Structure formats: C-alpha cells, structure tokens
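Remarks on the overall topology
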Amino acid sequence: FGRALQILATHHLVALTGAEGCGKKAAALALARAVCPDAGSFTVFPPTRSLQELAAYKTYRPGQVFLIHDWVPLSSDPGSVATWDLQQLAARLKKAGAYLTISFEGAGRLQALLGEMCIRWTAPEAASLLETCAARLPGLQPSDTDWQKLRTRAAEIGSPRLIIKLAEAAASNV
C-alpha cells in the first residue's frame, strides 16, 4: 500500500493489477482517501475509457480523485501512441492537482506500458485484514473463543470483501 500511495502522490496516477477478488477496488478507494482525505466524493470513469480519452479529458481539478475499476481500454495500440497518451494523461493530472487510480486484471502490455505506475496487487493475509477491521469497528470485541472462530472462518473464505463483511456482521452481532 505504501508504495502505491507513493506512486500516486508522485505521478498522480497508479494502476493496481491482480486477480479478481484480491482487493484492488478497496485498495483504490483507500488510496483515494489517503491522497485526498478531504474529498467529499470521487468520480468513477467507465472501465472502457481509453488512454486517449483520459488524456483529452478537460475538467480535472485540484484535489479531485478519479477511479476506474476493472479497466479494459478499447485501444489495442501498445506502441508510441499509447505511450504518448499516458505521458499526456500523467502531465495533465499533475498540472491540475488531480489523481487517478486504475484497477485491472491481467498483465502483459498494460503493465509494460504503465511501468513503475503499475503495482501488482495481492490479497492481504486474512488474519491481518481481520485485525485491521477489528481496530476500525468499535463493536467488534469478541471473546477469545469467538475471535478464534472468526480467524478460522476468515482464513477459509479468503476474499477480502467477504472478510470485511464477516467482521462487520460480527461487530453488529449478526
């Protein structure tokens, strides 16, 4: 997370790639909150928005955070045009003081194109995520026995989204 935040702060653009369900969307939202804690809302672009369209977007504003989840850019140009569009996008974001987080599955051309702005994302360890949830959910104070059951269940389900739901349900005594 720290490296992704550093890249976002420096380049105003970061892309997270990894398997479905590994927490890319949650990480993108957390990065958005960290880089612009006073932002009241975030703008979500459609996943088919191309680099060219992103670079041509005219209304980036200071302190705005933009998100693209499950990005599937329609342009198949892996070469100099895409590199140019990416450079223009990063420059426009930086000049405006705006930020963009992108998440997508896969690797290959997009990872190569994005270079250091692309972070391979993996799901957090289940027990660690559960501990983080416990620290943030005031109602989550189970007995030692129930805590062990929660840890076991979190390890079984593995999905960050479902572990968070498990913690929320436990905090609500559901």
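Scroll up to find the structure this text is about.
Below is a summary of the structure that appears in this document. Chains are numbered independently. Their residues run from 1 in the order of the written sequence. For this predicted model, a pLDDT threshold of at least 70 governs which residues receive local features, and a threshold of 80 or more governs which side-chain atom pairs are given and counted, while totals over whole chains, interfaces and linings are taken from all residues. The side-chain quantities take in all heavy atoms of the structure and omit both hydrogens and water.

1. Some words on unusual backbone geometry
Despite not being glycine, H12 has its phi angle at roughly 65°, a positive value. Counting from the N terminus, the helices are the DSSP runs of H or I reaching at least four residues and the strands are the DSSP runs of E reaching at least two. Summarising the element assignment, H12 is placed in the loop between α1 (2-11) and β1 (13-17). Taking the relative accessible area as the measure of exposure, H12 reaches 8% and is therefore buried. Its identity as a non-glycine residue notwithstanding, D70 has a phi of 55°, on the positive side. As for its placement among the helices and strands, D70 is situated in the loop between β3 (65-68) and α4 (80-96). For every residue, the accessible area (1.4 Å probe, protein chains only) is compared with the maximum for its type, and the residue is labelled buried under 20%, exposed over 50%, or partly exposed between those bounds.

2. Thoughts on the packing of helix α6 (residues 126-136) against helix α8 (residues 160-171)
Axis geometry follows a simple rule: fit a line to the C-alpha atoms, using only the stretch in contact for helices, then measure angles between N-to-C directions, giving values from 0 to 180 degrees. Between α6 and α8, the least distance of the axes is 10 Å, while the angle of their chain directions is 40°. In terms of orientation, α6 lies oblique with respect to α8. For the pair α6 and α8, the sense of crossing is right-handed. Packed against α6, whose contacting residues are A126, L129, L130 and C133, the element α8 presents P160, I163, I164 and A167 at the interface. Following the grouping adopted for this structure description, the nonpolar residues are Ala, Val, Leu, Ile, Met, Phe, Trp, Tyr, Cys and Pro, the charged ones are Asp, Glu, Lys and Arg, and the polar ones are all others, Gly among them. Class assignment of the residues belonging to the contact of α6 with α8 gives a composition of eight nonpolar, no polar and no charged. What sets the label is the angle itself: under 35 degrees gives roughly parallel, over 145 gives roughly antiparallel, 65 to 115 gives roughly perpendicular, and the rest give oblique. Helix crossings get a hand from a simple test, with the near helix turned counterclockwise from the far one by less than a right angle marking a left-handed crossing and a clockwise turn marking a right-handed one. Contact between two residues is taken to exist if any of their heavy atoms lie within 4.5 Å; hydrogens are not considered.

3. Digging into the side chain of K24
Tracing the sequence through the fold places K24 in helix α2 (residues 24-35). No salt bridge forms around the buried K24; measuring N to O, its nearest opposite-charge neighbour E105 is 5.0 Å away. Pairs of N or O atoms are called polar contacts if they sit within 3.5 Å, as long as, within protein, a hydrogen donor faces a hydrogen acceptor (for residues adjacent in sequence, only side-chain-to-side-chain pairs). At a separation of 2.9 Å, a polar atom in the side chain of K24 contacts the main-chain carbonyl oxygen of A19. With residues up to four places along the chain from it excluded, the contact list for K24 reads L16, T17, G18, A19, S103, F104, E105 and W121. Positive: Lys, Arg. Negative: Asp, Glu. His and the chain ends are not part of the count. Salt bridges, as used here, are contacts in which a Lys or Arg side-chain nitrogen is within 4 Å of a carboxyl oxygen on Asp or Glu.

4. Digging into the packing of aromatic side chains
Planes of paired rings set the category: under 30 degrees apart is stacked, over 60 is edge-to-face and the rest tilted, where pairs are Phe, Tyr or Trp rings (Trp by its six-membered ring) whose centres lie within 6.5 Å. Using the criterion set out here, one finds six aromatic pairs in the structure. With centroids separated by 5.0 Å and ring planes inclined at 90°, the aromatic side chains of Y60 and F66 adopt a geometry described as edge-to-face. Looking at F66, the relative accessible area reads 0%, which means it is buried. Taking the centre distance of 6.4 Å and the plane angle of 75° together, the rings of W71 and F104 count as edge-to-face. Here W71 is found in the loop between β3 and α4, whereas its partner F104 is found in strand β4 (residues 99-104), with 33 residues between them in sequence. Each member of the pair W71 and F104 is classed as buried. A network of ring pairs unites the aromatic residues F45, Y57, Y60 and F66 as a single cluster.

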